[in-house]
Amino acid sequence: EMLFRSNLVAMVGGGTSPKYDEKAALIWDDTAKKVVMDVSFNQPVVSIKLKYDRLIVVLRNQIHVFSFPNNPTLLHSFDTRDNPKGLCDVSPFGQVIAFPGRKCGSVQIADLETTQPGQSTSPITISAHQGELAYITVNQQGTLLATASKKGTLIRVFDTTTKKLVVELRRGADPATLYCITFSHDSSFLCASSDKGTIHIFAVKDTSLNRRSTFKKMGFLGTYVESQWGLASFTVAAECACICAFGPGHSVIAVCVDGTFHKYVFTTDGNCNREAYDVYLDIGDDFE
């Protein structure tokens, strides 16, 4: 995890012959070319999040919040449901942190400003899904939360203050593994990638832009036809892990594990056109 575009990178050891302990959160200074901070735990670290004033370390059943970067002090600890994927997100320009609750499908939201030593903080709990969570993300301001379950068919967006459901977005009808969910900078749109190889783009503020099922007028087919479908989409390689994010204007960038780079520009009436494509890795590259 990089701290914005700075020289500080948080990392955890791993692999068959790890150089660093998998039970330690390390801060690497790329200017000094060395580890400048080492925070150890009694179990493996599964994820790390960085803010300019906070270090968040995710374990299987706990999340620890430290002051950062000088003399890191434990500010607060939260208990979670078993969290092997290290699900956790924090708003870069707000003070909201979101992570799995203790009940299946629930999300806890806490305010980092109130997490001071010795001060008890009770996170807000949202019952987001019936099944286990697969993805959690918050917008840059920390006002919106998007979640998906392991089924991967629905993305739900909640208001972090009122806990109310803002909109329910349908990725598709078939189960899928979601790789990434990201809000645009102004939270007007949301994009999502999955193992189906399709990047979906949804409207969050003006939801009238999203497509509706052609069966909606029949009125008796239940919540399936009530869901909002993406206003635009484009495809990448199926079953290839891929992250996506919004670029300047109405552009979406997707970077896949096979080294491909995709940039598409979409319009509010649903058109989506490729603006750039590149391959940064060739099959058979020697990474030594």
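Throughout this document, residue positions are counted from 1 along each chain, in the order its sequence is written. Owing to the predicted nature of the model, reporting of local features is limited to residues with pLDDT of at least 70; listing and counting of side-chain atom pairs is limited to 80 or more, with chain, interface and lining totals taken over all residues. Derived side-chain values reflect all non-hydrogen atoms in the structure, with water molecules and hydrogen atoms excluded from consideration.

> Any chance you could explain the overall build of the chain here in plain terms?
Elements are defined by DSSP. Helices are runs of H or I of four residues or more, strands are runs of E of two residues or more, and each kind is numbered from the N terminus. In terms of regular secondary structure, the chain is built from one helix and 25 strands. Atoms counted for the radius of gyration: C-alpha only. Globule rule: 2.2 Å times the number of residues to the power 0.38. For a compact globule of 288 residues, the expected C-alpha radius of gyration is about 19 Å, and the chain comes in at 20 Å, within 12% of that figure. Dimensions along the principal axes, computed over C-alpha positions, put the chain at roughly 60 × 50 × 35 Å. Using a 1.4 Å probe on the protein chains alone, a residue whose accessible area is under 20% of its type maximum counts as buried, one over 50% counts as exposed, and one in between counts as partly exposed. Considering the chain as a whole, with its 288 residues, one finds that 49% of them fall into the buried category. For the chain, the proportion of contacts with a sequence separation of at least 24, taken over those separated by at least 6, is 38%. When the 28 basic and 29 acidic side-chain charges of the chain are each reduced to a single mean position, those positions are 8 Å apart. In what follows, residue pairs with any heavy atoms lying within 4.5 Å of each other are defined as contacts. Positive residues here are Lys and Arg, negative ones are Asp and Glu, while His and the chain termini are left out of the count. Lysine's charge is taken at NZ, arginine's at CZ, aspartate's at CG and glutamate's at CD.

> Just to check I follow, could you spell out the nonpolar core for this structure?
In globular proteins that are soluble, nonpolar side chains generally tend to be buried together. The biggest cluster of nonpolar side chains holds 35 residues, and the ones touching the most others in it are Ile-155, Val-157, Ile-181, Leu-190, Ile-201, Phe-234 and Phe-266. Setting aside residues no more than four positions away along its own chain, Leu-190 makes contact with Ala-146, Ile-155, Val-157, Leu-169, Ile-181, Thr-182, Phe-183, His-200, Ile-201, Phe-202, Val-204 and Phe-246. Buried Ala, Val, Leu, Ile, Met, Phe, Trp, Tyr and Cys residues that are joined via side-chain atoms within 4.5 Å together make up what is termed a nonpolar core. The next biggest cluster of nonpolar side chains, apart from the first, holds 16 residues, and it includes Ala-10, Ala-25, Val-45 and Phe-66.

> Got a minute to help me understand a nonpolar patch on the surface in this structure?
Grouping into patches uses exposed residues only, defined as over 30% relative accessible area, and leaves out salt-bridged ones; the cut-off is 9 Å for like charges and 5 Å for nonpolar side chains (Val, Leu, Ile, Met, Phe, Trp, Tyr). All accessibility values rest on the Shrake-Rupley procedure with a 1.4 Å probe; residue burial counts only the protein chains present in the view. Think of a salt bridge as a Lys or Arg side-chain nitrogen and an Asp or Glu carboxyl oxygen that are within 4 Å of each other. Together, Phe-4, Tyr-52 and Phe-93 line one region of the surface with nonpolar side chains, adding up to about 380 Å² of accessible area. Relative to the assigned elements, Tyr-52 resides in the loop between strand 4 (47–50) and strand 5 (54–58).

> Which parts of the structure should I look at to understand the pattern of salt bridges?
Per the counting criterion, the structure on display carries seven salt bridges. Residues Arg-81 and Glu-132 are paired through a salt bridge, measuring 2.7 Å at the closest nitrogen-oxygen approach. With Arg-81 in the loop between strand 7 (74–79) and strand 8 (89–90) and Glu-132 in the loop between strand 11 (124–127) and strand 12 (133–138), this residue pair connects regions lying 51 residues apart in the sequence. By relative accessible area, which is 28% here, Arg-81 ends up partly exposed.

> Help me out: how do you make sense of the packing of aromatic side chains in this one?
Each aromatic ring pair is characterised by the separation of its centres together with the angle its planes make. Ring pairs shown here join Phe, Tyr and Trp side chains whose ring centres sit within 6.5 Å, with only the six-membered ring taken for Trp; geometry is labelled stacked below 30 degrees between planes, edge-to-face above 60, and tilted in between. Inspection of every chain in the model, using the stated rule, returns seven aromatic pairs. Seen from their ring centres, Phe-189 and Phe-266 are 5.1 Å apart, and the 75° between their planes marks the pair as edge-to-face. In this pair, Phe-189 sits in strand 17 (residues 189–194) while Phe-266 sits in strand 24 (residues 260–266), placing the two residues 77 residues apart along the sequence. By relative accessible area, which is 9% here, Phe-189 ends up buried. Both rings, one in Phe-234 and one in Tyr-264, keep their centres 4.0 Å apart while their planes meet at 10°; by these two values the pair is stacked. Here Phe-234 is found in strand 21 (residues 232–235), whereas its partner Tyr-264 is found in strand 24, with 30 residues between them in sequence. Comparing Phe-234 with Tyr-264, the two get one shared label, buried. Among the aromatic residues, those joined into a ring-pair cluster are Phe-189, Phe-246 and Phe-266.

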